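This is what each chain is made of:
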Amino acid sequence: MLLFLILASTTILTAQKIQIQKSDPFDEPDDTWNKLLQLKNGSTLFFHRKDGKGIEVTVYDKNRKKIGQNFVESDDFDDDAKIRGLYEINGEAVLFFFRICKEPVLFRYRINATTGALIQKDDLGTLEHLPSMAMQYKFVLNSHLSGFDVEKDPNSDFYTTITYDQEIKIGSSGKQYIKVTHFDGSHKKINEGRYTGPPGFKNLGYKTAVVDGE
């Protein structure tokens with residue numbers, strides 16, 4: 001009991017030493033969505049989607065001082081665009097998302113971590129087995145039967161994109177498909193696997209995956 005009390009007291013004293021530090025205040029945008037990414041060097045990037053126009057990226061240094069801001073103009077962010085990952089990869093901020101309208105496409109936006117400017121935009125593919133009508137796309141994606149996901153190795157810059165979709169007809173579903181694409185920190189594709197879902201299951205739903213280096 002004595003040992004427990006000593007440990008508890010030490011924990012309380014340690015907790016009291018934590019200091020909260022604040023940046024200069026700013027108005028938090030309440031339309032669309034906002035995302036934060038803290039980098040290994042202590043900088044923070046604040047992402048704000050401008051409705052129908054693109055994303056505003058503000059960069060703060062480790063002392064919480066604003067050091068850069070850029071507007072990334074893009075019409076890829078429709079109202080139903082779904083964020084699938086925001087990571088630091090090879091010293092850059094990398095945003096993964098997919099849009100729903102027109103044709104479902106997974107995008108990768110590489111952002112300069114100092115200025116907030118767009119380095120490169122990449123189209124990482126679409127769904128291959130869905131009907132072509134936009135409303136059918138939207139119905140299927142929102143029901144979680146098809147879509148994209150991104151997982152990153154927390155200990156390295158390797159990551160993978162996962163595409164899962166299935167043949168859909170109104171009122172029924174068909175064969176299920178999975179595509180796993182493996183990238184290194186320079187965004188070079190190093191492996192790709194294609195699979196079909198196990199037989200006997202009506203629907204396929206993605207849960208999670210683990211990336212372990214190369």
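Since this is a predicted model, take the numbers as computed values, not measurements. (Residues numbered from 1 in each chain as written. Predicted model: local features only at pLDDT ≥ 70, side-chain atom pairs only at ≥ 80, totals over all residues. Heavy atoms only, no water.)

The subject of this paragraph is the packing of aromatic side chains. By the definition in use, this model includes seven aromatic pairs. An aromatic cluster is present here, built from Tyr87, Phe96, Tyr159 and Phe183 joined pairwise through their rings. The positively charged end of arginine 108 is found above the aromatic ring belonging to phenylalanine 183, 5.4 Å away from the centroid. (Phe/Tyr/Trp six-rings, centres within 6.5 Å; stacked < 30°, edge-to-face > 60°. Lys NZ or Arg CZ within 6 Å of the ring centre and 35° of its normal.)

With the rule as written, the count across this model stands at six salt bridges. Residue aspartate 76 pairs with lysine 121 through a salt bridge whose shortest N-O separation is 2.8 Å. Of this pair, aspartate 76 sits in the loop between strand 4 (66-73) and strand 5 (82-89) while lysine 121 is found in strand 8 (residues 118-126), placing the two residues 45 residues apart along the sequence. Residue aspartate 76 is classed as buried on the basis of its relative accessible area of 3%. Arginine 84 serves as the salt-bridge partner of aspartate 149, at 3.6 Å between the closest nitrogen and oxygen. Of this pair, aspartate 149 sits in strand 9 (residues 147-152) while arginine 84 sits in strand 5, and the two are 65 residues apart along the sequence. Overall, aspartate 149 belongs to the buried group, its relative accessible area being 13%. Given a relative accessible area of 24%, arginine 84 falls into the partly exposed group. (Salt bridge = Lys/Arg side-chain N within 4 Å of Asp/Glu carboxyl O. Helix = DSSP H or I, 4+ residues; strand = E, 2+ residues; numbered from the N terminus. Buried < 20%, exposed > 50% of the residue type's maximum accessible area, 1.4 Å probe, protein only.)

To continue, consider the confidence of the model for the protein chain. Model confidence for the protein chain is summarised by a mean pLDDT of 82, while 80% of its residues fall at 70 or above. Across residues 1-9, where pLDDT falls below 50, the model places zero contacts with residues more than four positions away in sequence or in other chains. (pLDDT = per-residue confidence, 0-100. Contact = heavy atoms within 4.5 Å.)

Here we take up the sheet that holds strand 8. Within a sheet, each strand pairs with its neighbour through backbone hydrogen bonds, oriented either parallel or antiparallel. Overall, antiparallel pairing links the four strands, which are arranged 5-6-7-8 in an open sheet. Only two strands of the sheet have a single neighbouring strand rather than two, namely strand 5 and strand 8. The average angle at which neighbouring strand axes cross in this sheet is 15°, direction not considered. (Pairing = 2+ DSSP bridges. Axes fitted to C-alpha atoms, helices over the stretch in contact; angles between N-to-C directions.)

Of all hydrophobic cores here, the largest spans 21 residues; its most connected members are Leu45, Phe47, Ile55, Leu95, Phe97, Tyr109 and Ile111. A per-element tally of this core places strand 7 (residues 105-111) first, with four residues. Beyond its immediate chain neighbours, meaning those up to four positions away, tyrosine 109 contacts Val72, Ser74, Asp76, Phe77, Ala93, Val94, Leu95, Phe97, Leu118, Gln120 and Lys121. In terms of nonpolar packing, the next biggest core, distinct from the first, is built from six residues, Phe96, Val150, Tyr159 and Phe183 among them. (Core = buried A, V, L, I, M, F, W, Y, C linked by side-chain atoms within 4.5 Å.)

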